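Read off the chains here:
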Amino acid sequence: MRYALQRLALAVPVMLGVSALTFLMLHLVPGDPVAAMFIGHGGASAEQMNEVRERLGLNDPLPVQYVNYMKNVLQGDLGRSIRTNEPVSEMILRNFPPTLQLTLASMGLAIVLGVSFGIIAAVKRGRIVDNVVMLIALAGVSMPSFWLGLLLISIFAVWLNWFPIIGGGGWRGLVLPAVALGFAAAAIIARMVRSSLLEVLGENYVVTARAKGLAEQRVIMRHALRNAAIPVITIVGLQFGGLLAGAVIVEQVFSRQGIGRMLVSALQSRDFPVAQGGVLFVAVVYVLVNLLVDLLYGAIDPRISVER
Amino acid sequence: MTHRPRKPVDVLLAGYRSGLISRRRIMALAATMPALAAALARPGLAGAAGAPHALAPAFARAQDVPQGGEMQAANDVWVADTLNQHRSNFTPSRMVARHVLDCLTWVNPADGSINPWLAESWEISPDGLEYTFTLKEGVTFHDGTPFNAEAVKANFDNTMEGDSFAYQALGGTAFSAAEVVDDTTLTVTFNEPHATFLLYLSDGGTGIDSPEALAAGGDDYGVGSLVGSGPYKFVEWVKDSHVALEKNPDYASGPPAFGFSGPTPLDRLTFREVPENSVRAAAVVNGEVQMARIIEPNVPDVQGAEGVEIIATPKAGSSRMYLMNTAKAPTDDINVRRAINMAIDKETMLQLPGWAGYGRPGLAPLPSNMVPNGDLSMLVEYDIPYDLEGANALLDENGWILNGDLREKDGVQLVLDMVTTTNDVDAGQIEPIDGFLNEIGARLNIRAGDFNFWIDTVQATDFHMTLMSDSGYIGVGIIEEFFREGEPFANYGLANPELNELIDAAVAAPTLEEQWENLIPAMAIIMQEVVGVMGWEQDYLDAVSTRVGGLSYNEVGFPWLYGTYLSQ
């Protein structure tokens, strides 16, 4: 418990760093949200545009804008969208469930596929099955999710017509986005499971288990896999963050609602409060997931104790 | 080799006669090109052409066509901000809203004429400062509120509290007041003439909302509710996903000139957001949506697909122009700008993958579908035709000496900063220009980013060349926006007092006729100054299922799906 609180306390400077970096980067990139809003009006005057900038506080010096922003954030107010005037917190709450659904589905798929194929490759080391699995894993790591998404759409939605193109609504709409997003994670997990398993399969306790006459399946699942799990869990935790980030692209390709699409749209229109709030939120989730992973170590391997 | 400029209409007619352009496409083009419609109506072509389908549904009663069903229309974004047109600044949002909100006037895209809709008639004072409207009786909003002069006044007053597109449409600071005379009579007064007022009143941005709903909705109006008197009722807007509308079974107030006024055949209409161009094209091929707005490079994705055709509609707005910074070397040299124009073969360009054969060679800042009678012939003399030899000779004469593959003068190389968006680069509409310029010893340094990078860099005048255009039905607004010195988006270094005076006179003109009397010479000056290459007259491209019938487009070139139906 003390460890968890310490880790949470450490998250505070991380969050401050994330907020400052996001704020700075967004404001340093060229782009004026008010100009983007008014182009095409044919008659919007410079004065009118300046009034809007003044009202939004965009004419203040950057440090003043940042301090004002942080004051509001510390009071739980992430501000309002420049484009829609909707509270950013409401936008996050509305967009997070579909992103979480997609991320969990991708994670589940990645774990099931990654662990299964990793075990098969380790057990069949050096054989053709191992080579095929590792080749698929290499392809998975190398393929951008954007490209894989378009490939899946071409084959399974346009050609075979098995799944809808436009994601959202029901499990059928979730399949292709989850595969597009989770495939690379599955490949990474498979490679990690294989190498971790190969490491422990040569350990004395595994030899002992086999010598005792235990079934190979029991040896792998009960003795070897559990001990090979620590690095795998670390990778899974890191992949969760990667999947959240990857959702930005996949949600765009499959026209799904979510935090990723919200962020892309906010960045394109320089909707600063939405982009800042969204990035901050993703950072919080990332930190919490990593904390959870650290706590899981102890549960899986009793030799790891934070109290010592 | 010298190309003689041909009128776009002649090019289209030649294409139609030779079979290169389909009947359906020529009809769609005619819907927004009055000159083409007139040419098609001439003896010898009328029989082949028939009535352009995009003007109005070819039926008078909805029951004459298949009833029911849901149609889905996909675009990258339909609503970026809000459906409340008193606050929105986004064109597609206005186009969606126009299915729910009826307007006071209706502009016929075929001839640009202004016709009655919720306003049965109007009178304009001789000084152009007062408009008196007689409103239609017996119309009710979807919530039962009656439509009357009070409702229109409430709408106009609400608009003037914001800084939306509609605020500009009502004249901005030129707007003085809306006064109710009686239930069906309203006067609107201006501080200075606003000649495009009646045109703007046809836009979804000035559609009339139920005043009760507008007041009750507060900040949620345009998000959780939208109440008009139009052919469709608002069901829901799920942000980043779709806007769902349903049939208004009691509708009876379609614009008389449209030729159909009853309830629309469709039960449900959904505007779906699909941000990726290629995915949108795929969605219409596999039948998930029945219409998808696409861009030129995605044409091959849908060409030849069973049950899908491409409808090209001339875009309302400016031509797509490669504008140049006339205040920054080397494009401050008019001979360089002229040579660049001479180096670009627009007809060949339009056949390249980035254009896929769509669009017409550009002539002036406003395309032919934006000017009265589609007639730009008075500006042809200012066109700079393709002449590669002439371009090289011009640069030679002016001291731009070829050194290897690149020309230079006084130590300055003929390398131009092309500031643009990654979308335009991906669309294949930038690199071919570099190819043309290589032929005269010039090169583009392409600097591409997102929309905001592009606007910001152009506003900072840190460029030599940029691909620029805008959409909208009001030509004077576009010319003012890009070419009136001092305007926030006029970033091309033009400082011509005569041009400024002409634009100001066009803006202040009390009538549309007088406005054009000033706008045409203003465009002539812009062309004489060689501010850029008037690239091409763009088409909006829609991939449409052949199940869709009764398709029509509004004056902005966006689909207006009133009277549209789905066959089985």
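1. What to know about the overall build of chain B
Of regular secondary structure, chain B possesses 20 helices and 24 strands. In chain B, the share of contacts with a sequence separation of at least 24, taken over all contacts with a separation of at least 6, comes to 70%. By element, 47% of the accessible surface of chain B is carried by carbon and sulfur atoms, the whole surface being about 19,400 Å².

2. A word on unusual backbone geometry
All names here are of chain B. Residue Pro330 is reached from Ala329 by a cis peptide bond, and omega for that bond is 5°. Residue placement: Pro330 occurs in the loop between strand E13 (320–324) and helix H12 (334–343). We note that Val530 has phi near 50°; this positive angle belongs to a residue other than glycine. Residue Val530 is classed as buried on the basis of its relative accessible area of 2%.

3. Let's talk about the nonpolar core
Within the largest apolar cluster, 74 residues are counted, with the highest numbers of intra-cluster contacts made by Leu366(B), Leu379(B), Ile479(B), Phe483(B), Tyr492(B), Leu499(B) and Met523(B). Here this core takes nine residues from helix H20 (residues 512–528) of chain B, the largest share from any one element. With near-sequence residues (within four places) excluded, Phe483(B) lies in contact with Met321(B), Leu323(B), Pro365(B), Ala490(B), Leu494(B), Leu499(B), Asn500(B), Ile503(B), Ile526(B) and Val531(B). Formed by 67 residues, the second largest nonpolar core is a distinct cluster that contains Met107(A), Ile119(A), Ala157(A) and Ala186(A).

4. Thoughts on the domain arrangement of chain B
Residue and element names in this part refer to chain B. Split by domain assignment, chain B resolves into domain 1 (1–52), domain 2 (65–76 + 231–314 + 542–568), domain 3 (81–218) and domain 4 (320–537). Taking only C-alpha atoms into account, the centre of domain 2 sits 25 Å from that of domain 3. Opposite the 26 residues of domain 2 that make contact, domain 3 presents 22 residues. Between domain 2 and domain 3, a total of about 2,100 Å² is buried, with carbon and sulfur atoms accounting for 67% of that surface. Per-residue buried area on domain 2 facing domain 3 is highest for Ser253, Glu555 and Trp560; these three make up 26% of the total on that side. The interface formed by domain 2 and domain 3 contains one salt bridge.

5. Focus: the pattern of salt bridges
Across all of its chains, the model carries 20 salt bridges over all chains by this definition. Across the pair Arg94(A) and Glu86(A) runs a salt bridge whose closest N-O atoms are separated by 2.8 Å. With its nearest N and O atoms 2.9 Å apart, the salt bridge here joins Asp462(B) to Arg447(B). Linking Asp462(B) in the loop between helix H17 (451–459) and strand E20 (465–468) with Arg447(B) in strand E19 (residues 443–449), this pair joins segments that are 15 residues apart in sequence. Several salt bridges converge on common partners, so that one network encompasses Lys328(B), Asp417(B), Arg447(B) and Asp462(B).

6. Points about the interface of chain B and chain A
Across the contact, 40 residues belong to chain B and 44 residues belong to chain A. Summed over both sides, the interface of chain B with chain A buries roughly 3,600 Å², with 54% coming from carbon and sulfur. Looking only at chain B, the three residues that lose the most surface to chain A are Lys239(B), Asp240(B) and Asn452(B), adding up to 16% of its buried area. Our enumeration of links across chain B and chain A arrives at three salt bridges. For Glu273(B), the salt bridge identified is with Arg261(A), shortest N-O distance 3.9 Å. Viewed at the interface, chain A and chain B are joined by eight residue pairs in polar contact (both at pLDDT 80 or more). Of all the secondary-structure elements, those providing two or more residues to the side of chain B that touches chain A are helix H7 (165–169), strand E10 (268–273), helix H10 (277–285), H17 and helix H18 (475–483) of chain B. Element by element, the count of residues in the side of chain B that touches chain A is highest for H17(B), at six residues. Broken down by class, the residue content of the side of chain B that touches chain A amounts to 17 nonpolar, nine polar and 14 charged.

7. Some points on the packing of aromatic side chains
Residue and element names in this part refer to chain B. Counted according to the given criterion, the structure contains 28 aromatic pairs over all chains. Measuring from ring centre to ring centre gives 5.6 Å for Trp106 and Phe258, while their planes differ by 80°; the resulting arrangement is edge-to-face. Of the two residues, Trp106 sits in strand E2 (residues 105–107) while Phe258 sits in the loop between strand E9 (242–247) and E10, which places them 152 residues apart along the sequence. By the burial criterion, Trp106 is buried, and Phe258 matches it. Plain terms: the ring middles of Phe258 and Trp560 are 5.0 Å apart, the flat faces sit at 65° to each other, and that makes the pair edge-to-face.

8. A short note on the pairing of strand E7 (residues 185–190) of chain B
All names here are of chain B. For E7, a buried count of five out of six residues is recorded, marking the element as mostly surrounded by other parts of the structure. Of the pairings in the sheet, the one linking strand E5 (residues 130–135) to E7 comprises five bridges and is antiparallel in character. Bridge pairing in E7 places Glu130 opposite Thr189. Sheet topology note: the strand E6 (residues 175–182)/E7 ladder contains six bridges and is antiparallel. In the sheet register, Asp182 faces E7, and the bridge partner there is Thr185. Joining the antiparallel neighbours E6 and E7 is a turn of two residues.

9. Concerning the sheet that holds strand E16 (residues 406–409) of chain B
Residues and elements named next belong to chain B. Taken together, three strands build an open sheet; the order of strands is E15-E16-E17 and the sheet is antiparallel. This sheet does not close on itself; its edge strands, each paired only once, are strand E15 (401–403) and strand E17 (412–413). Strand direction decides the pairing type here: E16 and E17, joined by two bridges, are antiparallel. For Lys409, the partnering residue across the bridge sits in E17 and is Val412.

10. Side note on the sheet that holds strand E21 (residues 532–537) of chain B
Residue and element names in this part refer to chain B. Read from one edge to the other, the open sheet built from six strands follows the order E14-E21-E13-E20-E18-E19, with strand pairing classed as mixed. Each having just a single partner strand, strand E14 (360–361) and E19 make up the two edges of the open sheet. Note that E14 and E21 share two bridges and pair antiparallel. Bridged to Arg360 within E21 is Glu537.

11. Remarks on the packing of helix H7 (residues 145–159) of chain A against helix H10 (residues 216–253) of chain A
Residue and element names in this part refer to chain A. It is at 9 Å that the axes of H7 and H10 come closest, and there the two elements cross at 30°. One element, H7, and the other, H10, form an angle in the roughly parallel class. Of the two elements, H7 crosses H10, and the hand of that crossing is right-handed. Where H7 abuts H10, its residues Ser145, Phe146, Gly149, Leu150 and Ile153 lie against Ile249, Val250 and Val253. When the residues that make up the contact of H7 with H10 are grouped by side-chain class, the tally is six nonpolar, two polar and no charged.

12. Focus on a positive patch on the surface
Together, Lys212(A), Arg218(A), Arg222(A) and Arg226(A) make up a positively charged patch on the protein surface. Note that Arg226(A) resides in helix H10.

About the cut-offs
- Numbers given for residues are sequential positions, taken from 1 along each chain in its written order.
- Labels are handed out in written order, letters beginning with A for the chains and numbers beginning with 1 for the ligands.
- Residues qualify for local features only when their pLDDT is at least 70, as the model is predicted, and side-chain atom pairs are given and counted only at 80 or more; totals for whole chains, interfaces and linings, by contrast, use all residues.
- Hydrogens are left out, water is left out, and the side-chain values use all remaining heavy atoms of the structure.
- Only DSSP runs of H or I covering at least 4 residues are called helices, and only runs of E covering at least 2 are called strands; the numbering of each starts at the N terminus.
- Only heavy atoms matter for contacts: two residues are in contact if any of them lie within 4.5 Å across the pair.
- Here the open area of atoms and residues is found with the Shrake-Rupley method and a 1.4 Å probe, where only the protein chains shown may cover a residue.
- Residue burial is assigned from relative accessible area. The probe radius is 1.4 Å, only protein chains are included, and a residue is buried under 20% of its type maximum, exposed over 50%, and partly exposed in between.
- Put simply, buried Ala, Val, Leu, Ile, Met, Phe, Trp, Tyr and Cys residues joined by side-chain atoms within 4.5 Å make one nonpolar core.
- These domain limits were set by an automatic method or by a database of domain assignments.
- In this description, buried area is defined as the sum, over both parts, of the accessible area (probe of 1.4 Å) that is lost when the two are combined.
- Only one rule defines a salt bridge in this text: a Lys or Arg side-chain nitrogen within 4 Å of an Asp or Glu carboxyl oxygen.
- Here a polar contact is taken to be a pair of N or O atoms separated by no more than 3.5 Å, where protein atoms must pair a possible hydrogen donor with a possible acceptor and residues adjacent in sequence count only if both atoms sit in side chains.
- The residue classification treats Ala, Val, Leu, Ile, Met, Phe, Trp, Tyr, Cys and Pro as nonpolar and Asp, Glu, Lys and Arg as charged. All others, Gly included, are polar.
- Centres within 6.5 Å make a pair out of two Phe, Tyr or Trp rings, where for Trp the six-membered ring is used; the pair is then stacked when the planes are under 30 degrees apart, edge-to-face when over 60, and tilted otherwise.
- Pairing between strands is defined by DSSP: at least two bridges between them are needed.
- Every axis corresponds to a line fitted to the C-alpha atoms, with the helix fit spanning only the stretch in contact, and the corresponding angles, defined between N-to-C directions, vary from 0 to 180 degrees.
- Angles are sorted into four bins: roughly parallel if under 35 degrees, roughly antiparallel if over 145, roughly perpendicular if 65 to 115, and oblique for all others.
- The handedness criterion is simple: a crossing whose near helix is rotated anticlockwise from the far helix by less than a right angle is left-handed, and one whose near helix is rotated clockwise is right-handed.
- Patch definition: residues above 30% relative accessible area lacking any salt bridge, with like charges linked at up to 9 Å and the nonpolar side chains Val, Leu, Ile, Met, Phe, Trp and Tyr linked at up to 5 Å.
- Counted as positive: Lys and Arg. Counted as negative: Asp and Glu, with His and the chain ends omitted from the count.
- Here the site of a charge means atom NZ of a Lys, CZ of an Arg, CG of an Asp or CD of a Glu.

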